[in-house]
Amino acid sequence: MQIEKYTVDELNHQQSKKHQLRFEGIATDINNVEEVLQKLSVFNIAIPSWALGTGGTRFGRFSGGGEPRSLEEKIEDVGVIHALNKSSNSISLHIPWDIPDNAAAIKALAAQNGLHFDAVNSNTFQDQKDQKLSYKFGSLHHVDKAVRKQAIEHNIEVIKYGKQLDSKALSVWLSDGSNFPGQLNFRKAFQNTLESLQEIYAALPDDWKVWVEYKPYEPNFYSTTIGDWGQSYLLSSKLGPKAQTLVDLGHHLQGTNIEQIVSLLLMEGKLAGFHFNDSKYGDDDLTVGSINPYQLFLIFNELVEGMDARGMDHATSIGWMIDASHNVKDPIEDLLQSVQAIKIAYAQALLVDKAALVAAQNNNDVALAQEILQQAYRTDVRSLVSEASLRNGGALDPIGAYRKLNIREHLIKERGLKTVATGL
Ligand code: PSV
Ligand code: MN
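Residues numbered from 1 in each chain as written. Chains lettered and ligands numbered in written order. Predicted model: local features only at pLDDT ≥ 70, side-chain atom pairs only at ≥ 80, totals over all residues.

Asker: Tell me about the overall build of the protein, and please be specific about residues and values.
Answerer: A tally of regular secondary structure across the protein gives 15 helices and ten strands. Against the compact-globule benchmark of 22 Å for 424 residues, the protein has a radius of gyration of 22 Å, which places it among compact chains. Referenced to the eigenvectors of the C-alpha coordinate spread, the extents of the protein come out at roughly 65 × 60 × 40 Å. When burial is assessed residue by residue, the protein has 47% of its 424 residues classed as buried. (Helix = DSSP H or I, 4+ residues; strand = E, 2+ residues; numbered from the N terminus. Rg over C-alpha atoms; globule rule 2.2 N^0.38 Å. Buried ≥ 20, exposed ≤ 12 C-beta atoms within 10 Å, placed from the backbone.)

Asker: Can you break down the nonpolar core residue by residue, with the values?
Answerer: As a rule of thumb, soluble globular proteins bury nonpolar side chains together. Ranked by size, the top nonpolar core spans 106 residues in total, and within it Leu84, Val210 and Ala347 carry the most contacts. In terms of residue count, the dominant contributor to this core is helix H10 (residues 331–350) (twelve residues). If sequence neighbours within four positions are ignored, Val210 has contacts with Ala169, Leu170, Val172, Ile200, Tyr201, Leu204, Lys242 and Ala243. (Core = buried A, V, L, I, M, F, W, Y, C linked by C-beta atoms within 7 Å. Contact = placed C-beta atoms within 7 Å.)

Asker: Any details on the packing of H10 against helix H13 (residues 382–391)? Residues and values, ideally.
Answerer: Packing of H10 against H13 brings their axes to within 9 Å, and their N-to-C directions diverge by 110°. The angle between H10 and H13 falls in the class roughly perpendicular. Along this stretch, H10 crosses H13, giving a crossing that reads as right-handed. In contact with Gln340, Lys343, Ile344 and Ala347 of H10, H13 contributes Arg382, Leu384 and Val385. Residue composition of the contact of H10 with H13, grouped by class: four nonpolar, one polar and two charged. (Axes fitted to C-alpha atoms, helices over the stretch in contact; angles between N-to-C directions. Parallel < 35°, antiparallel > 145°, perpendicular 65-115°, else oblique. Left-handed = near helix turned anticlockwise from the far one by under 90°. Nonpolar A, V, L, I, M, F, W, Y, C, P; charged D, E, K, R; others polar.)

Asker: If you had to explain the pairing of strand E10 (residues 319–322) to someone new, which residues and values would you point to?
Answerer: Side-chain alternation along E10 places Gly319 and Met321 on one buried face and Trp320 and Ile322 on a second face that is also buried. The parallel pair strand E9 (residues 271–276) and E10 is bridged by helix H9 (residues 293–309), and the resulting crossover is right-handed. (Right-handed = clockwise from strand over helix to strand, strands pointing away.)

Asker: So, the sheet that holds strand E4 (residues 169–172): which residues are in play, and what are the values?
Answerer: The strand order across the open sheet built from eight strands is E1-E2-E3-E4-E6-E8-E9-E10, with neighbouring strands paired in parallel fashion. Either end of the sheet is taken by a strand with one partner, and the two such strands are strand E1 (47–48) and E10. Both strand E3 (residues 116–121) and E4 contribute to a ladder of two bridges, which runs parallel. Along E4, the bridge assignment pairs Asn121 with Ser171. (Pairing = 2+ DSSP bridges.)

Asker: So, the environment of Met321: which residues are in play, and what are the values?
Answerer: Its place among the elements puts Met321 in strand E10. For Met321, a count of 26 C-beta atoms within 10 Å corresponds to the buried category. The spacing of Met321 and Gly66 is 255 residues in sequence and 24 Å in space, taken between C-alpha atoms.

Asker: Describe unusual backbone geometry, with residues and values.
Answerer: With an omega of 15°, the peptide bond running from Ile95 to Pro96 counts as cis. If you trace the backbone, Pro96 turns up in the loop between strand E2 (90–94) and helix H4 (103–112). Cis geometry marks the peptide bond from Glu218 to Pro219; its omega dihedral reads 10°. Position of Pro219 relative to the elements: it lies in the loop between strand E6 (209–213) and strand E7 (223–224). In this structure, Asp285 is a non-glycine residue whose phi angle is positive, near 55°. Among the structural elements, Asp285 can be located in the loop between E9 and H9. A residue is classified by how many C-beta atoms lie within 10 Å of it, and Asp285, with 21 of them, is buried. Notably, Asn406 is not glycine yet its phi reads approximately 50°, a positive angle. Note on placement: Asn406 falls in the loop between helix H14 (398–404) and helix H15 (407–415). Overall, the presence of 11 C-beta atoms within 10 Å leaves Asn406 in the exposed class.

Asker: Report on the packing of helix H6 (residues 186–202) against helix H7 (residues 229–239), specifying residues and quantitative values.
Answerer: Packing of H6 against H7 brings their axes to within 10 Å, and their N-to-C directions diverge by 45°. By the angle class used here, H6 and H7 are oblique. The hand of the H6/H7 crossing is right-handed. Here Thr193, Leu194, Leu197, Gln198 and Tyr201 of H6 come into contact with H7, specifically with Leu235, Lys238 and Leu239. For the contact of H6 with H7, the residue count by class is five nonpolar, two polar and one charged.

Asker: How would you sum up the environment of His141? Please name residues and give values.
Answerer: Tracing the backbone shows His141 in the loop between E3 and helix H5 (145–165). Distance in space between the C-alpha atoms of His141 and Lys418 is 39 Å, their sequence separation being 277 residues. With residues up to four places along the chain from it excluded, the contact list for His141 reads Asp176, Ala189, Asn192, Thr193 and Thr225.

Asker: Describe the pairing of E3, with residues and values.
Answerer: With five of six residues buried, E3 lies mostly within the body of the structure. Summarising the sheet, E2 and E3 pair through four bridges and their orientation is parallel. Directly across from Ser90, in E3, lies its bridge partner His116. Traced from E2 through H4 to E3, the parallel crossover comes out right-handed.

Just distances and angles here, no functional claims.
Printed below as a string of structure tokens:
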């Protein structure tokens with residue numbers, strides 16, 4: 001379904017007085033407001049093709065209605081998100097869940113919706129119907145060379161699909177690991193993974209990257225072969241300049257200082273980008289900013305500082321993506337909320353008084369350093385995010401607009417109540 005721009009404009013018009021008052025209130029307080037707005041307006045966050053349907057747990061799945069039944073409908077849903085927030089101009093495909101059989105037609109449909117293709121993701125954590133060898137005991141780290149070969153070939157095939165769509169990165173997450181002590185020789189598992197990744201690396205086009213994601217546990221509960229950022233960094237360093245480490249916010253043990261990891265990876269030029277989500281216990285895949293928005297702000301504070309230190313373009317030099325699962329919410333609403341949360345954290349990080357912070361750090365003025373960060377974090381920047389969206393032709397209040405335009409009801413009418421999207 002396509003959203004007519006005039007319907008969004010009408011809604012904006014109804015809210016414009018209230019917005020203007022709020023925006024002017026904050027704009028006078030910020031020296032570089034135009035620069036902040038400009039940065040916000042070019043900042044986009046990719047949507048994963050697997051997050052547009054209702055997720056589930058191992059205990060069950062409760063369908064939401066009107067879910068996309070095909071890759072085409074997933075692209076249309078991302079088109080809806082982008083039409084409302086003007087901040088989600090790309091989609092990331094998971095293969096084989098979303099194989100673009102007719103790449104030219106898929107690309108044309110995406111372009112019609114103002115979208116392009118972000119990283120392509122391989123999948124060697126599940127067995128597919130016609131697959132010869134099983135990944136029950138892993139894929140790229142497997143003890144059997146034939147299984148490793150099959151997984152390598154799959155990744156090379158994913159690159160082939162990505163090339164057809166003008167993607168520029170292959171994103172690899174392995175569930176490889178062990179469930180019990182003694183099951184695995186850690187060193188051999190690591191070496192096998194490295195050698196397999198080297199073969200995949202050799203198949204990358206010159207202008208591509210491979211993003212190596214890490215995760216401490218699940219589905220394996222004793223060890224994961226790429227379990228943390230150190231292991232991923234070791235692999236990406238050994239692989240070469242086209243390999244980098246991908247940070248999924250849910251892939252850390254409780255209490256991990258993610259902002260410090262991000263800062264050091266950025267310093268080394270090894271930060272591939274993000275899978276954004278939020279969590280209270282583990283890989284909960286909850287809406288970004290729903291549990292710990294302060295941590296999200298602290299991560300963005302390191303990102304802005306670190307990227308500026310290296311002269312990097314905030315919007316384009318690393319990959320920004322959501323990786324979440326929506327078990328009880330409407331996936332489109334959840335994704336709209338996540339994008340808003342990311343933009344809010346980014347806007348707050350842009351407001352940090354950097355010179356004052358550096359001075360406070362150099363003077364060991366701990367209290368002042370905290371005050372400076374919290375001054376930015378406690379600023380209500382929502383009207384800045386709205387203003388950026390408005391100037392881009394989006395909605396002042398994307399979620400409100402989604403509801404007022406009855407989009408889910410339209411989708412249910414068009415697709416039916418009991419549709420199921422591919423993915424987890
Ligand atoms: C694994 O938990 C993960 O975060 C990886 O990024 C997968 O590709 C994605 O979720 C979808 O299952
Ligand atoms: Mn992920």
